[in-house]
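Analysis of the macromolecular model
In case you want the letters, here they are:
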Amino acid sequence: MKSSHGSTKHSEPDSAARSQQLEKCLLAYALAGAGAVALTPAATAEVVYTPADITFTHGMLEIDLNHDGITDFKVHNYATGYSSFYTVRLTVSEGSPEASAEVIGRKVAIQGSAWAAPFTFPIGEDSPKPFISPSPPALMALEGCEIGYCFPIGGPWRNATRRYLGLRFSINGEVHYGWARFSVQHGYFFIGAKLSGYAYETEPNKTILAGDRGLGLDASSEG
């Protein structure tokens, strides 16, 4: 009986020790699992928005949507003509060849025009309007000027307020979509173009809505 009793006394601590060890192992596994979840990056897409407040009446504006040092698009504002009559044009063209830039618009023969998209317009593979290569540069707005008078001739951006260029470009060979918001006014011998922000979708081939800054889309988010 003594040996049996002794055996029983010794078996109880062994059982308790095994139980404690099991509990420690389970706790360690649980903590390790929690740590693994916490350290796993979220595989969600993100809209990167860049605010801007740039107005220009002549020259060229470069747009680098993802800030990688590569110019994706160029907006040109220039006049051509003679002393009695000038034509003022606002156009958009491709930037670096690496960007493989395209804009939503239309082409007639080789001349293209860039469309002025409204707020929430889908920019992507499912866009209701096509993308075109802005080479040669795609027309945004056009006016004619003579001594004492200028008149807007046309273009989809004629006197547009807070409209969006629909943009497609490449990052490391993958297609991304974005937008640039402009307002355009005609003046005497100039076209005033204001860039008030631009954005792009970080997930390749994913559609972005015009004006989406990653904050949800409603009337108040268009600022």
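Here the structure is shown first, and the text comes after it.
Throughout, a residue's number is its position along its own chain's written sequence, starting from 1. For this predicted model, a pLDDT threshold of at least 70 governs which residues receive local features, and a threshold of 80 or more governs which side-chain atom pairs are given and counted, while totals over whole chains, interfaces and linings are taken from all residues. For side-chain calculations, the full set of non-hydrogen atoms in the structure is used, while hydrogens and water are omitted.

1. A look at the overall build of the protein chain
Runs of E in the DSSP output that reach at least two residues are strands. Runs of H or I that reach at least four are helices, and both are numbered from the N terminus. A tally of helices and strands in the protein chain yields one helix and 14 strands. Note on exposure labels: buried denotes an accessible area under 20% of the residue type's maximum, exposed denotes more than 50%, and partly exposed covers the range between, all computed with a 1.4 Å probe on protein chains only. Relative to its 223 residues, the protein chain shows a buried fraction of 38%. Across the protein chain, the fraction of contacts at a sequence separation of at least 24, relative to all contacts at a separation of at least 6, is 62%. Carbon and sulfur atoms form 56% of the exposed surface of the protein chain, whose accessible area is close to 12,400 Å². Any two residues whose heavy atoms approach within 4.5 Å are treated as being in contact. All accessible-area figures derive from a Shrake-Rupley calculation using a 1.4 Å probe, and residue coverage is judged against the displayed protein chains alone.

2. Thoughts on the nonpolar core
We call a set of buried Ala, Val, Leu, Ile, Met, Phe, Trp, Tyr and Cys residues a nonpolar core when their side-chain atoms join them within 4.5 Å. If you look at the biggest cluster of nonpolar residues, it comprises 33 residues, and the most contacted ones within it are Trp157 and Phe182. Going through the elements one at a time, β2 (59–63), β3 (73–81), β4 (85–94), β9 (138–146), β11 (163–171), β12 (174–187) and β13 (190–201) are the ones with two or more residues in this core. A total of five residues in this core trace back to one element, the largest contributor, which is β13. If you look at the next biggest cluster of nonpolar residues, it comprises twelve residues, including Val47, Ala117, Phe131 and Ala210.

3. Looking at the environment of Leu209
Mapped onto the fold, Leu209 is located in strand β14 (residues 208–209). A relative accessible area of 29% means that Leu209 is categorised as partly exposed. Along the backbone, Leu209 and Pro122 are 87 residues apart, and their C-alpha atoms lie at a distance of 4.5 Å.

4. As for the packing of aromatic side chains
Planes of paired rings set the category: under 30 degrees apart is stacked, over 60 is edge-to-face and the rest tilted, where pairs are Phe, Tyr or Trp rings (Trp by its six-membered ring) whose centres lie within 6.5 Å. Within the structure shown, the criterion is met by eleven aromatic pairs. Aromatic side chains Trp157 and Phe182 sit 6.2 Å apart centroid to centroid with 90° between the ring planes, which places their arrangement in the edge-to-face category. With a gap of 25 residues between them, Trp157 in the loop between β10 (149–154) and β11 and Phe182 in strand β12 connect regions that are remote in the sequence. Accessibility expressed as a relative area gives 0% for Phe182, which makes it buried. Grouped by ring-pair contacts, the aromatic residues Tyr49, Phe119, Tyr164 and Trp179 constitute a single cluster. Cation over ring: Lys129 sits above Trp115, and NZ or CZ is 4.7 Å from the ring centre. Two thresholds decide whether a charge sits over a ring: the Lys NZ or Arg CZ must be within 6 Å of the ring centre and within 35 degrees of the ring normal.

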